[in-house]
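# Descriptive structure summary
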Amino acid sequence: ARVNQRLATMAGVGNTQVVGTVSAEQQPDAVEVTVQLENVLTHAVDGGKLRSLGRKLGMLFPSGKAVLTALGTARKDQSAAMDDDCALVVAQLLAQNTKWDIQRLRMDTGSISPRGVFFLTRAMSVRPRVRQLVLSNNPVGIQGARFIAEHVAAHDCVLTELRLFACRVGTEGARVLGEALHANRSVRVLDLTNNDVRDEGAVAMAHMLRANQALRELRLLNNGVRREGSEALAEALAANSTLELLFVAVGNNVPAGVFSDHRAVGTL
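Cut-off values and rules
Residues numbered from 1 in each chain as written. Predicted model: local features only at pLDDT ≥ 70, side-chain atom pairs only at ≥ 80, totals over all residues. Heavy atoms only, no water. Core = buried A, V, L, I, M, F, W, Y, C linked by side-chain atoms within 4.5 Å. Buried < 20%, exposed > 50% of the residue type's maximum accessible area, 1.4 Å probe, protein only. Helix = DSSP H or I, 4+ residues; strand = E, 2+ residues; numbered from the N terminus. Expected span 1.5 Å × (residues − 1). Contact = heavy atoms within 4.5 Å. Salt bridge = Lys/Arg side-chain N within 4 Å of Asp/Glu carboxyl O. Polar contact = N/O pair within 3.5 Å; in protein donor to acceptor, adjacent residues only side chain to side chain. Phe/Tyr/Trp six-rings, centres within 6.5 Å; stacked < 30°, edge-to-face > 60°. Lys NZ or Arg CZ within 6 Å of the ring centre and 35° of its normal. Pairing = 2+ DSSP bridges. Right-handed = clockwise from strand over helix to strand, strands pointing away.

Of all hydrophobic cores here, the largest spans 58 residues; its most connected members are Met107 and Leu135. The greatest single-element share of this core, amounting to seven residues, is contributed by helix α2 (residues 84-96).

Here it is as structure tokens:
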């Protein structure tokens, strides 16, 4: 069954309003909830109206597991795109709705900056239920990586899958995420493909792998990893018994067969 619900105005100052469409479709393992937001101006968003929206959605989809997908905001001079305004509204929904068991949050391909990541991670900390977070193709940056790392390092983190493909986290972002994952027991999949982490970031991931006993899949493709990073990862794999898949693009000056003894490694 599929349900579509047009949202009433949930914030208003002058002519400013926030409207949108929510649709839901029963999937085999969860209700797929999609939020399409329009005309969002966060400086005018009223907290009471957001709580009202949360209650409305809670009545529409009262219980069970859910997947929340935010499609972005549409403005007069722009096409629909994910941005910080959208992240704030979704964060409010996450924090204020007590009935959903939101297991997956997908907000990929947009313009969510560290500001938007801050909203999302704080909401996830208030109600730690999100298990899959997809922020790929957003300018998350180093500071955004720090906010995510703080959430991952929390003792009540339940996140199992973190996808940050092309999020501009760089070597420093890889370092802080690696530190956060040292003792993390929940994250099973980390995708840092296309983030320019280079050897320094790969070495940070290698240090993490020596301590982490939860991660099953690590993606480091298209990151400029060369000899130092590749050798560090190969050495770390010898000490790690839980990682099942490592994807890394081996660059120039890497000794042939550096990963030949590790069946879990995919190289390009």
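The structure having been displayed, the exposition proceeds.
Turning next to helix α4 (residues 141-153). Given 3.6 residues to a turn, an α-helix orients residues that are three or four positions apart in the same direction. The end-to-end C-alpha distance of α4 is 18 Å, a good match for the 18 Å that 13 residues give at a rise of 1.5 Å each. Within α4, the full set of buried residues consists of Gly141, Gly144, Ala145, Phe147, Ile148, Ala149, His151 and Val152. Close packing links the buried residues of α4 with α3 (114-126), β10 (161-163) and α5 (170-181).

Before going further, it helps to examine the pattern of salt bridges. Going through the model one piece at a time under the given rule, you end up with ten salt bridges. Between Arg163 and Asp191 there is a salt bridge, with the nearest N and O atoms lying 3.7 Å from each other. Of the two residues, Arg163 is situated in strand β10 and Asp191 in strand β11 (residues 189-191); the sequence distance between them amounts to 28 residues. Arg163 gets classed as partly exposed once you look at its relative accessible area, which sits at 22%. Note that Arg175 and Glu179 form a salt bridge whose closest N and O atoms lie 2.5 Å from each other. On the criterion of helical spacing, the pair formed by Arg175 and Glu179 is a turn pair, its members being four residues apart in helix α5. On the basis of relative accessible area, Glu179 is assigned to the partly exposed category, the value being 48%. Look at the salt bridges and you will find they share partners, linking Arg146, Glu172, Arg175 and Glu179 into a network.

On to the side chain of Ser136, then. Here Ser136 is to be found in the loop between β9 (132-134) and α4. At a separation of 3.1 Å, a polar atom in the side chain of Ser136 contacts the main-chain amide nitrogen of Phe165. Each residue touching Ser136, except ones within four places of it in the same chain, is listed here: Asp108, Thr109, Arg163, Leu164, Phe165 and Cys167.

All right, on to the packing of aromatic side chains then. Taken as a whole, this structure holds two aromatic pairs when the rule is applied. A centroid spacing of 6.2 Å and a plane angle of 65° characterise the contact between Phe118 and Phe119, whose relative ring orientation is edge-to-face. Judged by relative accessible area, which is 18%, Phe119 ranks as buried. Their ring planes at 65° and their centres at 5.2 Å tell us that Phe118 and Phe147 sit as a pair that is edge-to-face. Of this pair, Phe118 sits in helix α3 while Phe147 is found in helix α4, placing the two residues 29 residues apart along the sequence. Judged by its relative accessible area of 32%, Phe118 is partly exposed. Through pairs of rings, three or more aromatic residues link up here, namely Phe118, Phe119 and Phe147. Geometry around Phe247 places Arg219 over its ring, the cationic atom sitting 4.2 Å from the centre.

Here we come to the pairing of strand β13 (residues 245-248). Side-chain direction in a regular strand flips from residue to residue, so the side chains alternate between the two faces of the sheet. Going residue by residue along β13, you find Leu246 and Val248 tucked away on one face and Leu245 and Phe247 left uncovered on the opposite face. Pairing of strand β12 (residues 217-220) with β13 involves four bridges; the strand directions are parallel. From the neighbouring strand, Leu218 faces β13, where its bridge partner is Leu246. In the classification by handedness, the crossover that spans β12, the intervening helix α7 (residues 227-239) and the parallel β13 is right-handed.

Positive phi values are uncommon outside glycine, yet Asn137 reaches one of about 60°. For Asn137, the position within the fold is in the loop between β9 and α4. For Asp196, which is not a glycine, the phi torsion comes out positive at approximately 55°. Along the polypeptide, Asp196 turns up in the loop between β11 and α6 (198-211).

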